[in-house]
Amino acid sequence: MDGTDFLLGGVASMGATLFTNPLEVVKTRMQLQGELAAKGTYAKPYKSILDAFLTIAKNDGYWALQKGLAPSLCFQFGINSARLGIYNTAFENGYTVAKSGKQSIWKCAFWGGIGGFIGSALASPFFMLRTHLQSQAVAQIAVGYQHKHTGMLSALKEIFQQHGIRGLYRGVSVTMPRAMLGSGGQLAGYGYTKDMLLRYPLHSQQSDRLVSFLSGIAGGTVMAITMTPPDVVATRLYNQGVDAKGKGLYYKGVVDCFFKILKTEGVAGLYKGFWPHYMRIGPHSMLVLVFFDELKAIRKRYYRRKETL
């Protein structure tokens, strides 16, 4: 193990994001439609995942399904370089092992959560920029507050000039616990499943790729269940408009946002966009962890070859 774990974690997540960003766009739109409106009282331009894909492609164009890709790549690199680097460092040093010698689900969750907490704090501005850009749409299918950004750099400059560093970190108070829950759940599910498959193989020819694939799916499932409510709150807080003083037009903060959603939209409001979130998290989690394992294997082969020279 060396410091390259942090770099490999970030690169692996960027590779996965190229495939899963369209589902992130769909999830963001579905989380914002019907904002602070009771069920049945608002128009639904996005009726299902498939309908959302078709609606966005028809009205905004096919490339709109990759909106916010640049900040998505930056966000994923920032958060995953920290969380996977920290988790893998703990894993390879035995900090995730229980007294019995088996992987401890609680220790895996702890180190995964710490990594997610730190990574999300570093990458928070890119989460906001991604949300702003992904929610932008033509008037007939627009949902949520519409920001008029022309790109990531112009948005970054505009927000910083108007509201400073504080404006870029608006909503960080929910992204850190969001990432801590999601990352802890994902890496606990991943680490525990991987340990079980290595101890009790499904068959004699079980490959490392199959172990990574199944462990990634298990981690993604846990992540989607624990992460959706705080993800909805984060999307709403980041996307809301602000006044001249930088105060939100809809929500005062995390608690206010949570209870306003619960009061007007019910529990279902906190799980808006769950299915595109789940469909994104599953493949994304699997791809990130598989790419991460593959990159570590390449590094290992490189070091071995270097030693023989």
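Read on for an overview of the structure. Sequence order sets the numbering: in each chain, residues are counted from 1 along the sequence as written. Since the coordinates come from a predicted model, pLDDT governs what is reported: local features require at least 70, and pairs of side-chain atoms require 80 or more to be given and counted, while whole-chain, interface and lining totals use all residues. Side-chain numbers come from the whole structure's heavy atoms, not from hydrogens or water.

**Thoughts on the packing of helix 3 (residues 69-92) against helix 6 (residues 172-199)**
Then step 1. Their axes nearest at 12 Å, the elements helix 3 and helix 6 cross at an angle of 50°. Overall, the two elements helix 3 and helix 6 adopt an arrangement that is oblique. Remark: the crossing between helix 3 and helix 6 carries right-handed chirality. Taking contact as the criterion, the partners of Phe75, Ile79, Arg83, Leu84 and Tyr87 in helix 3 are, on helix 6, Arg178, Ala179, Ser183, Gln186, Leu187 and Gly191.
Then step 2. Considered class by class, the residues forming the contact of helix 3 with helix 6 number six nonpolar, three polar and two charged. Orientation is described by axes fitted as lines to C-alpha atoms, over the contacting stretch for helices, and by angles from 0 to 180 degrees between their N-to-C directions. A run of DSSP states H or I qualifies as a helix once it reaches four residues; a run of E qualifies as a strand once it reaches two. Both are numbered from the N-terminal end. In this scheme, roughly parallel covers angles under 35 degrees and roughly antiparallel covers those over 145, while 65 to 115 is roughly perpendicular and the rest are oblique. The handedness criterion is simple: a crossing whose near helix is rotated anticlockwise from the far helix by less than a right angle is left-handed, and one whose near helix is rotated clockwise is right-handed. Residue contacts are defined here by distance: any two heavy atoms, one from each residue, within 4.5 Å place the two residues in contact. Put simply, Ala, Val, Leu, Ile, Met, Phe, Trp, Tyr, Cys and Pro go in the nonpolar bin, Asp, Glu, Lys and Arg in the charged bin, and everything else, Gly too, in the polar bin.

**Considering unusual backbone geometry**
Then step 1. Positive phi, normally seen in glycine, also occurs at Leu36, with a value near 55°.
Then step 2. Tracing the backbone through its elements, the reader meets Leu36 in the loop between helix 1 (4-32) and helix 2 (49-60).

**Some thoughts on the nonpolar core**
Then step 1. By size, the foremost hydrophobic cluster in this structure holds 24 residues, and its most contacted members are Val233, Leu237, Tyr238, Cys257 and Ile261.
Then step 2. Those elements giving two or more residues to this core turn out to be helix 3, helix 4 (105-135), helix 5 (152-168), helix 6, helix 7 (208-239) and helix 8 (254-265).
Then step 3. Only buried Ala, Val, Leu, Ile, Met, Phe, Trp, Tyr and Cys residues count toward a nonpolar core, and they belong to the same one when joined by side-chain atoms within 4.5 Å. Buried residues are those whose accessible area, probed at 1.4 Å on protein chains only, stays under 20% of the maximum for their type, while exposed residues exceed 50% and partly exposed ones sit between those limits. Membership of the second largest hydrophobic core comes to 15 residues, among which are Leu8, Cys108, Val288 and Leu289.

**Observations regarding helix 2**
Every α-helix winds through 3.6 residues per turn, so residues three or four apart in the chain are directed the same way.
Then step 1. When the terminal C-alpha atoms of helix 2 are compared, their 16 Å separation across twelve residues agrees well with the 16 Å that a helix rising 1.5 Å per residue should span.
Then step 2. All of the buried residues in helix 2 are Ile49, Ala52, Thr55, Ile56 and Ala57.
Then step 3. Check the buried side of helix 2 and you find it contacts helix 1 and helix 10 (274-308).
Then step 4. Just past helix 2, the residue Gly61 takes up positive phi, approximately 95°. By definition here, a helix of n residues has an expected span of 1.5 Å times n minus one.

So far we have only geometry, and geometry alone does not tell us how the molecule works.
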